[in-house]
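Okay, here's what each chain looks like letter by letter:
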Amino acid sequence: MAVPGVRDMMGDDPDAGLPAVAGPNELNGTALLRWGRICLEVLQQRREEINALNVFPIADADTGTNMLATMRAAMQTADAAVISAHGSERPGSSAAAGFAAEAERSGGAAVSDARAVGGYAANAAAVGNGAKPVAGVFGGAAISEPSAASPGKFADRAIATNGIDRPGLSGSPGRGSSRNGSSAAPQDGTAVGYLESLSTHDVAAAMARGATLGARGNSGIILSQVLRGIAEAARGGPLTAQTLPAALATASALVRESLSVPVEGTILTVLERAAECAAACAQSTVADVAVAAADGAAKALGDTPAQLGVLREAGVVDAGARGLVVLLDSLVVVTLGATPARPEYGRGEFLFAGAQAGADRGTAAAQVDSARRADAESLNRAEPHFEVMYLLSDTDDQRIAHLRNRLADLGDSVVVVGDGAGSWSAHVHCADAGAAVEAGIATGTLSAIRIESFITDAAPAVAADRTDAAVRPVRVGRAAASPPAAADRHHGPADRAVLAVASGDGAAALFEAGGAVVLGGDGPVTSAALLAAIRQLPNREVLVLPNGALPAHELVAVGVAARDAHRDVLLLPSGSMVQGLAALAVHDCGRIAVDDAFAMSEAAAATRWGSLRAATGRALTMVGTCEAGDGLGLVGHDVVVIDRDAPSAGRTLLDRMLAFGGELVTLLMGVGAPAELADELAAHIANGFPGVEVSVYSGGQQADLVQIGVE
């Protein structure tokens, strides 16, 4: 391996340099913190390079950013644990002041308030006993991310010794570290000066916990398992030439177990190769093992395009695996004091082995251009998808395994990992974000739910294959529902269509009579079906009445995907079909689209709505426990009435809804409503609320016996 020499990776401070010293025996907690800081620095430097390589599993160019954010979370938790170990420190003490002052000098706001340092001591238990610091918050002390220019540099001077035990240096004042992973406390009060109270395992476990709880993307979650592998191997003391291979082997086993469908040619393959090379290293020093692991990973990285077609087509190596090589190269820097030489891994710049061995740069560039054109073309046939992540606690391995299988049924890129201390992090790419969250709720206690939308290629027949949600070929008024030929799609009339989601044949007929195109069926409507329906319309302006079929975040994703230079899409806030009918009643194509949408939204919001349902089983509601067959009266989505007799529940619900006034009541009768129910409810309104007009329609919806609108 070509080694160009020592490079100080932590700034200009001479105390922060890493002299090349041969034969280090072990890595203690101080060395791990030093390694983490170097990882931050290099990930920051390589972030754009890694982002540009990101084409699998989703080409969203964020792998470098996610790995950097995850490592920052790991280091912030480690810093918190180090300072928490010194509970005697108080705000304003010399140690706290030194820590805050160093953070301020570094330009990186490592702690948002100097007074928060003392709070770490009080929150020591929260960091280590199951509390979930999320987005840089640890037990109430808010921690902001280090700056890009100097990530976490406040601890540089304290860890200038590398934290590596060397023969003949263990007794040197201010330089050596003890055999149990402690280091001599510096005089400037920085965080790492407190390491004499923490073992190597304590530091590694804190890093693993922070990475698990603060992981971003599947690459970040996998990074957390690398740290967990190190923590498991360090239970018996500092990392040695014997335990470092075990750390990598444990990490690779954890990663493979966490994936629902392991894919070769990714970070998993490269991590396993690094573990194999480390285990095969015949040398006796931890530096030799680190070099063997890093070189093995680098070679495996170059082979990833031959193993995964999407990488080969784009002319790149795997982005997550490139990030892993950064971590292993940083370990070489800590143990050997030298930076391994690696090529630039740009798109189309790296000539791969295997199928592309004979390709020249022109061919590679052509492949990149082709891939980019394909990406652009796919935007016209894309469906909304979501990246769903959340944290879990109060669960067990069996339920986690079931969750992993359930998420695999919903989507792909499934990763579910633990921190070894009772907390778990889950990740999935799927079309039904709500179902992914519900699967987590059934598994344990959820927190830190994060849902982000992105676009992925849709199958060409995404809508054609659906029988439960298809656009009805009906033309009423000015709404043209029959899609024109593809060549004429963007040259049709400049009129406006209203697309309404409806459940039940009767409700669909009402919307069609009002001039809307209807997306309906007996089953639930998905975001993919709604997007396909919008794209089938020839109109340049489309107003969508979702009528409660999809949650808000999915509607936003549909709107983003559906809009283009030829079509404007406005999604209106109708939470039910009765609100949608009220909105449709004031629809006027003579107004400009925004004015029409405003008037329709106002009409929907002015309609109070509720529903009468029959309970399907025993359940706890906000007004008590219901049994199967009970009548449930809901206002919006909240149960407000429970009665053994469904008609009686309906009458009580009407009384409560009309107590606030109303001039018109719309009753949309469901397919399961008794024949006499409509007459009973209409008579009740006439007797109890004279002058209130009642309109009764057959909706045919499955879920509600009656859907009620009050205007």
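Scroll up to find the structure this text is about.
A few points on the structure. (Residues numbered from 1 in each chain as written. Predicted model: local features only at pLDDT ≥ 70, side-chain atom pairs only at ≥ 80, totals over all residues. Heavy atoms only, no water.)

**Points about the overall build of the protein**
- Counting its secondary structure elements, the protein contains 22 helices and 22 strands.
- Looking at the 711 residues of the protein, the share that counts as buried comes to 55%.
- Of the contacts formed within the protein by residues at least 6 apart in sequence, a portion of 74% connects residues at least 24 apart.
- A total accessible area of about 28000 Å² is found for the protein, and carbon and sulfur atoms account for 52% of it. (Helix = DSSP H or I, 4+ residues; strand = E, 2+ residues; numbered from the N terminus. Buried < 20%, exposed > 50% of the residue type's maximum accessible area, 1.4 Å probe, protein only. Contact = heavy atoms within 4.5 Å. Areas by Shrake-Rupley, 256 points an atom, 1.4 Å probe, with all protein chains shown as cover.)

**A short note on the environment of Leu-667**
- Relative to the elements of secondary structure, Leu-667 occurs in strand β20 (residues 664-669).
- Given a relative accessible area of 0%, Leu-667 falls into the buried group.
- Residues Leu-667 and Val-706 lie 39 residues apart in sequence; the distance between their C-alpha atoms is 6.3 Å.
- Ignoring anything within four residues of it in the chain, the contact list for Leu-667 reads Ala-678, Leu-681, Ala-682, Val-694, Ser-695, Val-696, Tyr-697, Val-706, Gln-707 and Ile-708.

**What about the pairing of strand β7 (residues 411-418)?**
- Counting buried residues in β7 gives 6 out of 8 residues, a clear majority hidden from the surface.
- Relative to strand β8 (residues 424-430), β7 runs antiparallel, the two sharing 6 bridges. Each residue of the ladder has a partner; that of Gly-418, found in β8, is Trp-424.
- Linkage of β7 to β8, two consecutive antiparallel strands, is achieved through a turn of 5 residues, within which Gly-420 is found at a positive phi near 80°. (Pairing = 2+ DSSP bridges.)

**A closer look at the nonpolar core**
- Ranked by size, the top nonpolar core spans 84 residues in total, and within it Trp-35, Met-71, Met-207 and Leu-227 carry the most contacts.
- Sequence-distant contacts of Met-71, defined by excluding residues within four places in its chain, comprise Gly-36, Cys-39, Leu-40, Leu-43, Leu-223, Leu-227 and Leu-327. (Core = buried A, V, L, I, M, F, W, Y, C linked by side-chain atoms within 4.5 Å.)

**Some remarks on the pattern of salt bridges**
- Per the counting criterion, the structure on display carries 22 salt bridges.
- Across the pair Glu-272 and Arg-256 runs a salt bridge, and its minimum N-O distance is 2.7 Å. Taken together, the residues span a long stretch of sequence, with Glu-272 in helix α9 (residues 267-280) and Arg-256 in helix α8 (residues 243-258) at a distance of 16 residues.
- Take Arg-256: its relative accessible area is 30%, and that puts it in the partly exposed class.
- Of the charged contacts, one joins Glu-680 and Arg-651 as a salt bridge, the two residues approaching to 3.7 Å between their closest N and O atoms. Of this pair, Glu-680 sits in helix α22 (residues 677-688) while Arg-651 sits in helix α21 (residues 646-658); the two residues are 29 residues apart in sequence, bridging distant segments of the chain.
- Looking at Glu-680, the relative accessible area reads 31%, which means it is partly exposed.
- Each of Arg-46, Glu-49, Arg-322 and Glu-344 takes part in one network of salt bridges that share partners. (Salt bridge = Lys/Arg side-chain N within 4 Å of Asp/Glu carboxyl O.)

**Things to note about the side chain of Asp-596**
- In this fold, Asp-596 is placed in helix α20 (residues 593-605).
- In this structure the side chain of Asp-596 is engaged in a polar contact, spanning 3.0 Å, whose partner is the backbone nitrogen of Asp-588.
- In terms of polar contacts, Asp-596 uses its side chain to reach the side chain of Arg-591, at 3.2 Å.
- Filtering out sequence-adjacent residues up to four positions away, Asp-596 remains in contact with Arg-496, Leu-543, Val-586, His-587, Asp-588, Cys-589 and Arg-591. (Polar contact = N/O pair within 3.5 Å; in protein donor to acceptor, adjacent residues only side chain to side chain.)

**Some points on the packing of helix α17 (residues 527-536) against helix α18 (residues 552-562)**
- Put simply, α17 and α18 touch, their axes get as near as 10 Å, and they point 35° apart. Relative to α18, α17 is oriented so that their crossing is right-handed. Each of Ser-527, Leu-530, Leu-531, Ile-534 and Arg-535 in α17 lies in contact with α18, whose residues at this interface are Glu-554, Leu-555, Val-558, Ala-561 and Ala-562.
- Residues of the contact of α17 with α18, tallied by class, amount to 7 nonpolar, 1 polar and 2 charged. (Axes fitted to C-alpha atoms, helices over the stretch in contact; angles between N-to-C directions. Left-handed = near helix turned anticlockwise from the far one by under 90°. Nonpolar A, V, L, I, M, F, W, Y, C, P; charged D, E, K, R; others polar.)

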